Every structure is written in C-alpha cells, then in structure tokens.
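Coordinate analysis (summary)
Letter by letter, the chains look like this.
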Amino acid sequence: MFAWLYESAAVADAEVRKLMRDPTELFSRAVQPVLWLAVFGQVFSQVRGIPTGKLDYLDFMAPGILAQSILFSAIFYGIAIIWERDLGIIHKLLVTPASRGALVLGKAMAAGLRGLVQAVVVYLVAVALQVDIRWEPLPMLTMAAGVFLGSCIFSTFSLIIACIVKTRERFMGIGQLLTMPLFFASNALYPLELMPGWLRVIAAFNPLTYLVDVLRSAMIVGGESAYSMPTSFGIMLLVFAGLLGLAARLYPGLAR
Amino acid sequence: MLTADLAGPPKDAAIATIALSKRYGHFQAVDSLDLNVARGRIFGLLGPNGAGKSTTIKILTTLLDASSGSAWVAGFDVAEAPVEVRRRIGYVPQLLSADGALTALENLKLSARLQGLRGAVRAARVSEALAFSGLEAAAGKLVRTYSGGMIRRLEIAQATLHYPEVLFLDEPTLGLDPVARRTVWERLLQLRQTKGMTILITTHDMEEADVLCDELALLHQGRLAVTGKPDELKAQVGAHATLDDVFAHFSGAALDHGGNYHDVRESRGTIHRLG
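Read on for a plain summary of the structure. (Residues numbered from 1 in each chain as written. Chains lettered and ligands numbered in written order. Predicted model: local features only at pLDDT ≥ 70, side-chain atom pairs only at ≥ 80, totals over all residues. Heavy atoms only, no water.)

1. Some remarks on the overall build of chain B
- Counting secondary structure elements, chain B contains 12 helices and 10 strands.
- Here chain B holds 275 residues, and the buried ones make up 56% of them.
- Relative to all contacts within chain B whose residues are 6 or more apart in sequence, the contacts with residues 24 or more apart total 69%.
- Of the roughly 11600 Å² that chain B leaves accessible, carbon and sulfur atoms contribute 52%. (Helix = DSSP H or I, 4+ residues; strand = E, 2+ residues; numbered from the N terminus. Buried < 20%, exposed > 50% of the residue type's maximum accessible area, 1.4 Å probe, protein only. Contact = heavy atoms within 4.5 Å. Areas by Shrake-Rupley, 256 points an atom, 1.4 Å probe, with all protein chains shown as cover.)

2. Some details on the nonpolar core
- Within the largest apolar cluster, 109 residues are counted, with the highest numbers of intra-cluster contacts made by Leu66, Phe183 and Tyr251 of chain A together with Val73 and Phe168 of chain B.
- Beyond its immediate stretch of four places on either side in the chain, valine 73 of chain B contacts Ala14, Leu60, Val78, Val85, Ile89, Val166 and Phe168 of chain B.
- Counting 47 residues, the second-largest nonpolar core is a separate cluster that includes Phe132, Leu154, Leu218 and Leu243 of chain B. (Core = buried A, V, L, I, M, F, W, Y, C linked by side-chain atoms within 4.5 Å.)

3. Quick notes on the pattern of salt bridges
- Under the counting rule described, the total for this entry stands at 26 salt bridges over all chains.
- Of the charged contacts, one joins arginine 17 of chain A and aspartate 13 of chain A as a salt bridge, the two residues approaching to 3.3 Å between their closest N and O atoms. One end of the pair, arginine 17 of chain A, and the other, aspartate 13 of chain A, are both in helix 1 (residues 2-21), four residues apart, so they sit about a helical turn from each other.
- Here glutamate 165 of chain B makes a salt bridge to arginine 88 of chain B, at a shortest N to O gap of 3.7 Å. Taken as a pair, glutamate 165 of chain B in the loop between helix 6 (148-159) and strand 7 (166-170) and arginine 88 of chain B in the loop between helix 3 (82-87) and strand 6 (89-92) lie far apart in primary sequence, 77 residues in all. (Salt bridge = Lys/Arg side-chain N within 4 Å of Asp/Glu carboxyl O.)

4. Some details on the interface of chain A and chain B
- The partner chain B presents 32 residues to the 28 residues of chain A that form the contact.
- Between chain A and chain B lies a buried interface of about 2700 Å² when both sides are counted; carbon and sulfur atoms form 60% of it.
- Contact with chain B buries surface across chain A, with Tyr6, Val95 and Pro97 of chain A losing the most and accounting together for 26% of the total.
- The tally of links from chain A across to chain B stands at four salt bridges. (Buried area = accessible area lost by both parts, 1.4 Å probe.)

5. So, the state of the cysteines
Residue and element names in this part refer to chain A.
- Counted under the stated rule, the structure contains zero disulfides over all chains.
- Unpaired in this structure, cysteine 152 has its nearest cysteine sulfur neighbour in cysteine 163, at a distance of 16 Å.
- The buried category is assigned to cysteine 163, whose relative accessible area is 7%. (Disulfide = S-S within 2.5 Å.)

6. Some points on the side chain of threonine 203 of chain B
Residue and element names in this part refer to chain B.
- Among the secondary structure elements, threonine 203 is positioned in strand 8 (residues 198-203).
- Here aspartate 205 takes part through its backbone nitrogen, which lies 2.8 Å from a polar atom of the side chain of threonine 203.
- In contact with threonine 203, other than residues within four places in its own chain, are Leu45, Leu46, Gly47, Lys53, Glu171, Glu208 and Ala209. (Polar contact = N/O pair within 3.5 Å; in protein donor to acceptor, adjacent residues only side chain to side chain.)

7. Side note on the packing of helix 4 (residues 104-114) of chain B against helix 6 of chain B
All names here are of chain B.
- Where helix 4 meets helix 6, the closest approach of the two axes is 9 Å, and the angle between their N-to-C directions is 25 degrees. Comparing their axes, helix 6 and helix 4 come out roughly parallel. At the point where helix 4 passes helix 6, the crossing takes the right-handed sense. Contacts between helix 4 and helix 6 involve Ala104, Asn107, Leu108 and Ser111 from the first element and Leu154, Ala157 and Gln158 from the second.
- For the contact of helix 4 with helix 6, a count of residues per class yields four nonpolar, three polar and no charged. (Axes fitted to C-alpha atoms, helices over the stretch in contact; angles between N-to-C directions. Parallel < 35°, antiparallel > 145°, perpendicular 65-115°, else oblique. Left-handed = near helix turned anticlockwise from the far one by under 90°. Nonpolar A, V, L, I, M, F, W, Y, C, P; charged D, E, K, R; others polar.)

8. Some details on the packing of aromatic side chains
- A complete count under the given rule lists eight aromatic pairs over all chains for this structure.
- Site record: aromatic cluster; members linked through ring pairs are Trp36, Phe40, Phe72, Phe183 and Phe184 of chain A.
- Its guanidinium or amino end placed over the ring of tyrosine 24 of chain B, lysine 22 of chain B lies 5.4 Å from that ring's centre, counting from NZ or CZ. (Phe/Tyr/Trp six-rings, centres within 6.5 Å; stacked < 30°, edge-to-face > 60°. Lys NZ or Arg CZ within 6 Å of the ring centre and 35° of its normal.)

9. Here we look at the sheet that holds strand 10 (residues 223-228) of chain B
Residues and elements named next belong to chain B.
- With mixed pairing, the six strands of this open sheet are ordered in space as 6-7-8-3-9-10. On the outer flanks of this sheet lie strand 6 and strand 10, each paired with one strand and no other. Ignoring which end each strand starts from, the neighbouring axes of this sheet average 15 degrees apart.
- The pairing of strand 7 with strand 8 spans five bridges and is parallel. In the sheet register, leucine 167 faces strand 8, and the bridge partner there is isoleucine 199.
- Helix-sheet contacts for helix 6 involve strand 6 and strand 7, and the interaxial angle to strand 6 is about 160 degrees.
- Taken strand by strand, helix 9 (residues 230-237) contacts strand 9 (215-220) and strand 10, and its axis lies near 105 degrees from that of strand 10. (Pairing = 2+ DSSP bridges.)

10. Notes on helix 2 (residues 53-60) of chain B
- Counting buried residues in helix 2 of chain B gives seven out of eight residues, a clear majority hidden from the surface.
- All buried positions along helix 2 of chain B are accounted for by Lys53, Thr55, Thr56, Ile57, Lys58, Ile59 and Leu60 of chain B.

11. Remarks on the packing of helix 4 of chain B against helix 5 (residues 119-132) of chain B
Residue and element names in this part refer to chain B.
- One way to put it is that helix 4 packs onto helix 5 with a least axis distance of 10 Å and a crossing angle of 135 degrees. By the angle class used here, helix 4 and helix 5 are oblique. Seen from above, helix 4 lies across helix 5 with right-handed handedness. Residue-level contacts link Ala104, Leu105, Leu108, Lys109, Ala112 and Arg113 of helix 4 to Arg122, Val126, Ala129 and Leu130 of helix 5.
- Of the residues belonging to the contact of helix 4 with helix 5, the class tally is seven nonpolar, no polar and three charged.

12. Quick word on empty space enclosed by the protein
- Applying the stated rule across the entire model yields four cavities of 30 Å³ or more.
- Every residue lining the largest cavity is counted, 16 residues in all, and those nearest its centre are Lys92 and Thr96 of chain A together with Ser111, Gln158 and Ala159 of chain B.
- Those elements that place two or more of their residues in the lining of the largest cavity are helix 5 (89-94) of chain A together with strand 6, helix 4 and helix 6 of chain B.
- Looking at the lining of the largest cavity residue by residue, the class counts come to seven nonpolar, seven polar and two charged.
- Empty space within the second largest cavity amounts to approximately 70 Å³.
- Around the second largest cavity sit Val11, Ala14, Glu15, Lys18, Glu84, Ile89, Leu93 and Lys107 of chain A together with Asp99, Leu102 and Leu110 of chain B, which together line it.
- Of all the secondary structure elements, the ones that give two or more residues to the lining of the second largest cavity are helix 1 and helix 5 of chain A. (1 Å grid on protein atoms, 1.4 Å probe; cavity = no way out; pocket = protein on both sides within 12 Å on 5 of 7 lines; lining within 4 Å. Points joined across faces, edges and corners; volume = space filled by probe spheres on them.)

13. Section: the environment of glutamate 84 of chain A
All names here are of chain A.
- Within the element layout of this structure, glutamate 84 appears in helix 4 (residues 77-87).
- The exposure class assigned to glutamate 84 is buried, which follows from its relative accessible area of 5%.
- Sequence separation between glutamate 84 and leucine 254 is 170 residues, and the spatial gap between their C-alpha atoms is 9.7 Å.
- Look past the residues within four positions of glutamate 84 in its chain and what remains in contact with it is Glu15, Lys18, Ile89, Ile90 and Lys107.
- Polar side-chain contacts of glutamate 84 include one of 2.8 Å to the side chain of lysine 107.

Given below as structure tokens:
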C-alpha cells in the first residue's frame, strides 16, 4: 500500500511541476467561468426566469460554474496522455515495476490539485461579482474535497477515452461531444425539481450532479444540497474507484 | 501447454524465446522466433522496417502480449511474471521517452521513484546517473532545451538507474550526429564492462552493429533469417563482405519494402525530435 502511494505521489509530483511551469492554461480556462458568471449569470439574475428559492440566481449558479470549469478542464486531460503516448513517455513508465493503478492515480491526483487552483480562480471571479461566499473552514474544506474528487473523476474518465480512441483528432471530437450533455444533464444551471422526469433520471447517473450538489451548500450562504454529504461523496468515491479500476486495465494498451 | 513452457529457458541465457509469434489480424509481425542471448553480451537485432524488431522488443519488455510461443528475460517468463521482468530490465524506446517539460534531475528522480529506489540510495543513484550521462552542469535545465545526444544519454541513464540485468534499446542512435552516436556507444560499452549488463539493441546502422555487437540476429518478415557473430556472418557471404552485404544478402527484396506508413512516420518523428 505504501509503495502504491509512493508511486502515485511520484507521478503527481512530476505532473504538478509541469503545470506550475506553464500556467497559461489555467488563465485561459478562467475565461469561460468569467463569461458564464458575468454575462449569463447577471442577465438571468435580472430575468428571474429560473426559480431558485431565496437564492439570487448568480449565487445559485456560481457552484454550477465552478463544477463546469472543473469538468471542462479535466475532460481534456486525455489529450496530454495521447501526447505522452506519441512521444514514448508512457512506454518508459510502463516498463517500470510500478503498479498501473498507481500510475493512473498519480495522474488523477495531479488533476485534482489543478482543480483546486481553478477553484481559487472561480472564487476570485465570484467575489468580484459579489456572490455570497461561505468562508467558514468546514465548508471550504468540503468544497476543496469535492473539487479534488470531481477533478479526479473527470480526468480519469478522460484518460479512459484516450485509451480507447488513441488519437488526438478523435479525442477532440468525443471530448466536445461529451461536455455539453454532461453539463446540461446536471443541476449546474437549474434545480433538479425543474427538470422533466427523463432528464432527472439521467442527472441521477451524472457524477457532475453530485459535485454541484456538494458545492451548492459548501460554497454559498443559504445554499441547500438535495442529497446528504455522505450520499454525494459516497457516490463520487464509488464512481472514481470504478473508473480507476477500468483505467488501470486500459492504460497499458496505450503502449501497444 | 506448449513444449516451450515445459522446456523452460536455457540456464545461462539473459534472453530466450522459443517459437515466439505475434499476429495482427492477417499480418504476421513475428513468426516462430527462437533467440538465445547469453548474459553479458551486446546483441543486435537487425532488419528492415517492418521486419518485427520493435514488436519483439515490446514483447520482451512486457509492453505487448505474444500471440503464441514463450519468452524469458533475466530468467522470468514475460507472460507469467511480468513484474519480475520489469524489475530486472531497462528500456530506451525509439520514441522520445524523456519528458521535455521536466529537467534532467526531475526525469531521473521520477524514474528512480517508479523503480522503487528510496532515500540515500536514490540520491546516490541519481548523482551517479548525472555523472554517467555527463549532464551535471545541465541537470537543472528543461530537457526540451537539450541536444539529441544529451537526450539519448539521459534516457540511457534513466533506464539504468536500478542496475538492470538486461537493457533494451530500440534504434538508440537514430537521428544522432556521428559524435553523439560514438558517445552513446561508449556509454553502452561502459555499462556492459562495469555492470555486466546484457544489452539488446535494434538498429539499421551496420557500423553500429559491427562496432558494438558481439552477436547479431537478422530478421526478415518476422522470421529469423540468420544469427551469428559479425565476422562469421560476413564470412558466410563472401571473402571481403561487409555487414551491408550481409544485410542485403539475407533481407533481399525486403530492402525496397521500407516499412509501412506508421514505421516511416515513427522513425522520421524521432529523427525530427532529436535532430
């Protein structure tokens, strides 16, 4: 177990170093949340078209936009994996005795840390737009845990897609195809109660729904979660464990 | 069960294969290959593009499963005990395996950690590897700023941090200038001499095969065309024959074949990145 974590930490350490050297992506990823919150959010706050109870619409959607920013960034993580495959870096990793699961977990942990940096960016935008943020330590920790786990889920999902499609061109097409349906089939922009029955069923199988639900009460003053914290975290952990197992099986196929 | 499984590997062999085969659909990439590489040798796998060299190396390094037959590396069956094999091998792929977005020191530390080296041993091996590859002064620079020769030396150092019993190199000097090529040869000879490593290389370069290898195997369309010491092979072809003549004699029409689109793209990509 210790060796497993040691190997994961080694991979995560290398990935974070690369990220810190080239933070341009983090800034470019900040553009979308700014547009959603500053334009879409402010306009819809005026319209009052979506009933969000006592919450202002901008406050309601801020956790959804944080979750969206995590999803959009993590879902393209597989591009880097395909790039590493084309270069031969993956071949080097796979001839070491390190566990395949540990290698994949290391990548997910790095994506989790990147998600935390993105959360800081979204919080800064939210503060600038006067979103009513909860600053108490426990909600902040809950938010950080949710963001970390959500990033792990979507980056591992992305790695699985990369293992299947194996080329950048195909990956880009599938990545674009998946992000918007995942986003719209969640409670990011509207409450679950407003969804038609069929969409609510799909949303219940969408991990993004549970991430948004955790963030809604952890991030916003007066925000309420539809599910309990143990339910949301339990489901997200189960999904991540399943994805990690599948990714560990598929990852060696990239070197064939 | 195959007869090969019952027979097991020859005791003094660092690498042994019996009737090793790999098939992709209708394409037979490796066909009933029997190899036997004694410990401490530098063994060259020659052949035109598409002859099955890279596929053989991928099977021996546990990256690819064979369709049939058996293979042992450092005394372990690659299919039955892949992790034991991985503990005892180093691999330098033809592709660029050092991470350009990390420094040499970071690349070495990552490899050392994944090889299970810890604490003082890890620090000592990383320092030794930097000295071995002549990269002490450039250790803190990003690998993307390195020359092709520096990258190859770093990759060899990364692959040998854990003192593997067997080192595999796929086209190790492809795309390197003559000076860088000689430096890589010196490093490989040094590893064999000081650590007693068995080294298997694939190459197109007949000078490399002549200077470096104790023994050669020439593959042709996935099959073993001929095997032997460089001088013996030359003598088989003619009195003043060179290894180029040996290569042409045993691979024949395959010289015009030149591999498929994927082979050519991979080779040219490597040359471009290292050049």
